[in-house]
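Summary of the model geometry
Given next are the chains, with one letter for each unit.
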Amino acid sequence: MSATTATEAATETGAEVRELTYLGAFNEAMFQLMREDEDIFVAGEDVGLQGGVFGSFKGLADEFGERRVVDTPIAEQAIVGLGIGAAVAGLRPVVDLMFMDFVMVAMDQIANQAAKLKYMFGGKAELPLTITTNGGAGLSAAAQNSQSLEAMLCHVPGLKVVMPSSPHDLKGLMVACVRDNNPTIIVKNKRMFGVSGPVPEELYEIPLGVGNVVRQGSDVTVVAYGRMVEESAKAAKRLSEEQGIECEIVDPRTVQPLDTDMIVASAKKTNRIVVVHEAVRFGGLGAEIAAQVQEEAFDYLDAPVGRIAAPFSPIPFSPGLEGHYVPNAKRISAGILETLGRPVPGA
């Protein structure tokens, strides 16, 4: 549901809705989940004493102690391995990898152990493991701390991959991840930590695999997730005001499993579709979404599926270059106009 709809729904149930930041929504979810279930614990680098690299876990150690908020060595394979063992043994661990780039250090544990164990045990083993991490560029963190690697994770059967685009969705999706009995990876976007939005005070769950129509439109479908939802909304507002173009924005929220039905239904409605993501264009999720749309809605399309993404290059450290690297509202507007066959101002 959209932020407005979230507010209305919470009001109807009597829940209090406040403005929380993206980071605050995550932190609140962790406090409420750990109070609800004593089997939940957190482990990762600096999650205890420092409250996590960006303060995601701030205050948890004070309330729950070092047995449930565990500072670990700098050893990503060991962190994920700890989580896997604890999950199989009946606990519900949340393990944190500081940056999404460091997923690659632990990929053997993630892809060959966490993702496969349930299958290897014939479905008899449960693995309620949640891996949290921070992705995306825009903070001049350079090429080794700014990547968006969701396509690699989505290619591994057995994993669920979540990329929230608002404080409301981050809290509800985090609850769903922790309660799920399968390994999930939730990617927080570093540039969104200070973004505020309405968030119910109560503990609520947003189902994994169910997308959200963020904005209704009739001329073109824009599929975006994570921070690109916000940039796409800016582009849609500009195009509506300046050219009368109405974009429908759909946010999968969970990129694995993907809500293909929602995307296809929107494509059939608007007859044109553009996919936006922060990851590099080549081999990105935009290619998979384009393939699924042409398989299921080819006869409805009036133009090829457009893709707006980062260039095939390491992420630059320079703020100026990084600003050109990451898709923004201006680039998204231009891509939408190209898909519609309209002239692009200044091109």
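Going along each chain's sequence as written, the residues are numbered from 1 onward. Given that this is a predicted model, residues contribute local features only at a pLDDT of at least 70 and side-chain atom pairs are listed and counted only at 80 or more, while totals for whole chains, interfaces and linings are drawn from all residues. Side-chain numbers come from the whole structure's heavy atoms, not from hydrogens or water.

Structural notes on the packing of helix α9 (residues 228-243) against helix α13 (residues 329-340)
For the record, the criterion: All axes are obtained by fitting lines to C-alpha atoms, using only the stretch in contact for helices, and the reported angles, taken between N-to-C directions, cover 0 to 180 degrees. Every helix listed is a DSSP run of H or I at least four residues long, and every strand listed is a run of E at least two residues long, numbered separately from the N terminus. We call two directions roughly parallel when the angle between them is under 35 degrees, roughly antiparallel when it is over 145, roughly perpendicular when it lies between 65 and 115, and oblique otherwise. Each crossing is labelled by how the near helix is turned from the far one, with a counterclockwise turn of less than a right angle marking it left-handed and a clockwise turn marking it right-handed. Whether two residues touch is decided by their heavy atoms; if any such pair falls within 4.5 Å, the residues are in contact. Residues are grouped as follows: Ala, Val, Leu, Ile, Met, Phe, Trp, Tyr, Cys and Pro are nonpolar; Asp, Glu, Lys and Arg are charged; all remaining types, including Gly, are polar.
Interaxial distance between α9 and α13 falls to 8 Å at its minimum, and their mutual angle equals 60 degrees. By the angle class used here, α9 and α13 are oblique. Relative to α13, the crossing made by α9 is right-handed. Here α9 contributes Glu231, Ser232, Lys234, Ala235, Arg238, Leu239 and Gln243 to the contact with α13, which in turn contributes Ala329, Lys330, Ile332, Ser333, Ile336 and Leu337. Per-class residue counts for the contact of α9 with α13 are 6 nonpolar, 3 polar and 4 charged.

Quick word on the domain arrangement of the protein chain
Operational definition: How far each domain reaches was decided by an automatic or database domain assignment. Computed with a 1.4 Å rolling probe, the buried area is the accessible surface lost when two parts are put together, summed over both parts. One speaks of a salt bridge when a side-chain nitrogen belonging to Lys or Arg is within 4 Å of a carboxyl oxygen belonging to Asp or Glu. N or O atoms within 3.5 Å of each other form a polar contact, as long as, within protein, one can give a hydrogen and the other can take it, and as long as residues adjacent in sequence are counted only when both atoms are side-chain atoms.
Once the domains are mapped, the protein chain shows domain 1 (5-198) and domain 2 (212-340). Carbon and sulfur atoms make up 56% of the surface buried where domain 1 meets domain 2, a total of about 2000 Å² over both sides. When residues of domain 1 are sorted by the area they lose upon contact with domain 2, Ser140, Cys154 and Met163 head the list and together hold 24% of the total. Taken together, domain 1 and domain 2 are joined by 1 salt bridge. In this structure, the salt-bridge partner of aspartate 169 is arginine 253, at a minimum N-O distance of 3.4 Å. Taken together, the links from domain 1 to domain 2 amount to 13 residue pairs in polar contact (both at pLDDT 80 or more). Secondary structure elements with two or more residues in the side of domain 1 that touches domain 2: α7 (150-154), β6 (160-162) and α8 (167-179).

Some points on the sheet that holds strand β11 (residues 247-251)
Strands in a sheet are paired, the pairing made by backbone hydrogen bonds, and the direction either parallel or antiparallel. Our working rule: Should DSSP find at least two bridges between two strands, the strands are regarded as paired.
Here 5 strands make up an open sheet; going across it, the order is β9-β11-β10-β13-β14 and the pairing mixed. The strands lining the two open edges of the sheet, one partner per strand, are β9 (212-215) and β14 (306-310). With direction set aside, neighbouring strand axes in the sheet form an average angle of 25 degrees.

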